[in-house]
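Descriptive structure summary
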Amino acid sequence: MRRTRAAVAPLAALALVLAACGGGSSGGPSSIGTGSTPGASGNSSTIAGLHANNHGTADVTGKSAVTIEADNYYFEPSVLQGTPGQQLTLHVVNATGTAHNVTIDALHVNNDLDAHGKSDLKVTLPASGVLAFWCEYHKSRGMVGGLLVSGSAAGASPAPSSSDTSGGGYGGYGHG
Ligand SMILES: [Cu+2]
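Residue numbers restart at each chain and count upward from 1, following the sequence in its written direction. In keeping with the predicted nature of the model, local features appear solely for residues at pLDDT of at least 70, side-chain atom pairs appear and are counted solely at 80 or more, and the whole-chain, interface and lining totals rest on all residues.

**Quick look at the overall build of the protein**
Helix and strand assignments follow DSSP, with helices taken as H or I runs no shorter than four residues and strands as E runs no shorter than two, numbered in order from the N terminus. When helices and strands are tallied, the protein shows one helix and 12 strands. The helix and strand sequence of the protein, counted from the amino end, reads α-β-β-β-β-β-β-β-β-β-β-β-β. The burial tally for the protein puts 23% of its 176 residues in the buried class. Backbone-placed C-beta atoms define the burial measure: a residue is buried with 20 or more other C-beta atoms within 10 Å of its own, exposed with 12 or fewer, and partly exposed in between.

**A closer look at the environment of Lys-122**
Position of Lys-122 relative to the elements: it lies in strand 10 (residues 118-124). Note: C-alpha distance between Lys-122 and Thr-89 (33 residues apart in sequence) is 4.4 Å. By the criterion used throughout, residues are in contact when their C-beta atoms, derived from the backbone, lie within 7 Å. Other than its neighbours up to four places away in sequence, Lys-122 contacts Gln-87 and Thr-89.

**Brief notes about the nonpolar core**
A set of buried residues qualifies as a nonpolar core if it consists of Ala, Val, Leu, Ile, Met, Phe, Trp, Tyr and Cys joined through C-beta atoms within 7 Å. With 27 residues, the main nonpolar core has Ala-132, Met-143 and Leu-147 as its most contacted residues. Elements supplying a minimum of two residues to this core: strand 4 (65-71), strand 5 (74-76), strand 6 (79-82), strand 7 (87-94), strand 11 (130-134) and strand 12 (144-149). Sorting elements by how many residues they give to this core places strand 11 first, with five residues. Ignoring any residue separated from it by four or fewer positions in sequence, one finds Leu-147 in contact with Leu-80, Val-123, Leu-125, Pro-126, Val-130, Leu-131 and Phe-133.

**Regarding the pairing of strand 7**
Two strands make a pair as long as DSSP finds a minimum of two bridges between them. Pairing of strand 4 with strand 7 involves six bridges; the strand directions are parallel. Note that in strand 7 the partner of Ile-68 across the bridge is Val-92. Where strand 7 lies against strand 10, seven bridges are found, and the strand directions are antiparallel. Pairing of Val-92 across the sheet is with Ser-119, part of strand 10.

**Notes on the sheet that holds strand 4**
Across a sheet, paired strands are connected by hydrogen bonds in the backbone, their directions being either parallel or antiparallel. Spatial strand order, 5-4-7-10: four strands in an open sheet with mixed pairing. Edge strands, defined here as strands with exactly one partner in the open sheet, are strand 5 and strand 10. When strand polarity is set aside, the average angle formed by the axes of neighbouring strands in this sheet is 30°. Where helices are involved, their axes are fitted lines through C-alpha atoms of the stretch in contact, as for all axes, and angles between N-to-C directions lie from 0 to 180°.

**Some points on the pairing of strand 2 (residues 50-53)**
Pairing analysis gives four bridges linking strand 1 (residues 44-47) to strand 2, with the strands arranged antiparallel. Looking at strand 2, one finds that Ser-44 is bridged to Asn-53. Turn length for the strand 1-strand 2 hairpin, with the two strands adjacent in sequence and antiparallel, is two residues, and the turn residue Ala-48 shows positive phi of about 50°.

**With respect to unusual backbone geometry**
In this structure, Tyr-73 follows Asn-72 across a cis peptide bond, with omega equal to 0°. Of note, the amide linkage connecting Glu-76 to Pro-77 takes the cis form, showing an omega dihedral of -5°. Checked against the element boundaries, Pro-77 lands in the loop between strand 5 and strand 6. The backbone of Ala-48 sits at a positive phi, close to 50°, despite the residue not being glycine. Position of Ala-48 among the secondary structure elements: in the loop between strand 1 and strand 2. Even without being glycine, His-108 reaches a positive phi, approximately 55°. By secondary structure assignment, the location of His-108 is in the loop between strand 8 (100-104) and strand 9 (109-113). Judged by C-beta crowding, with 7 C-beta atoms within 10 Å, His-108 ranks as exposed.

**Side note on the confidence of the model for the protein**
Segments scoring low in pLDDT should not have their predicted coordinates read at a detailed level. The predictor attaches a confidence to each residue, called pLDDT, with possible values from 0 through 100. Looking at the protein, the pLDDT average stands at 75 and 61% of residues meet or exceed 70. Overall, residues 4-42 carries pLDDT values under 50, and its contacts beyond four positions in sequence, including any with other chains, amount to 19 contacts. Contacts from residues 152-176, a stretch scored under 50 in pLDDT, to residues over four places away or in other chains number seven contacts.

Here it is in structure tokens:
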């Protein structure tokens, strides 16, 4: 058994990641090192005006809990879309060996995530629009997500008139 793992390798990898950081790290359309291209590139976007590495939206309508992953340097899914005032428990799992954090100013949430740790927190979706959350250590790197309410601002979608009352709609009880 070899215990001498060269400590240099992770550093080198880190350096590569840092070097590649200009254009969005994970496998986007690679614009190699040509400085800053104006406009959106890859999966970077803004959430509530904050630069965000956007790794997708999850529809959490009707759910009481959802698991999201904290990674370097993004949340996945990044945006949770539900209904106004919906209560939701977030199981945040840190998939990395780096300490992260979940901060939601408006909800007075500030939870640290140890390396490969996890944290559960309860949130209430806003009445409308989007409420941003972020990792306080990597906010400037775009480690930002959002709690989004559908049917309000973003992309007015006229509700189809055929709203069947499907049988399974109750779902209310739960515990706690
Ligand atoms: Cu972080």
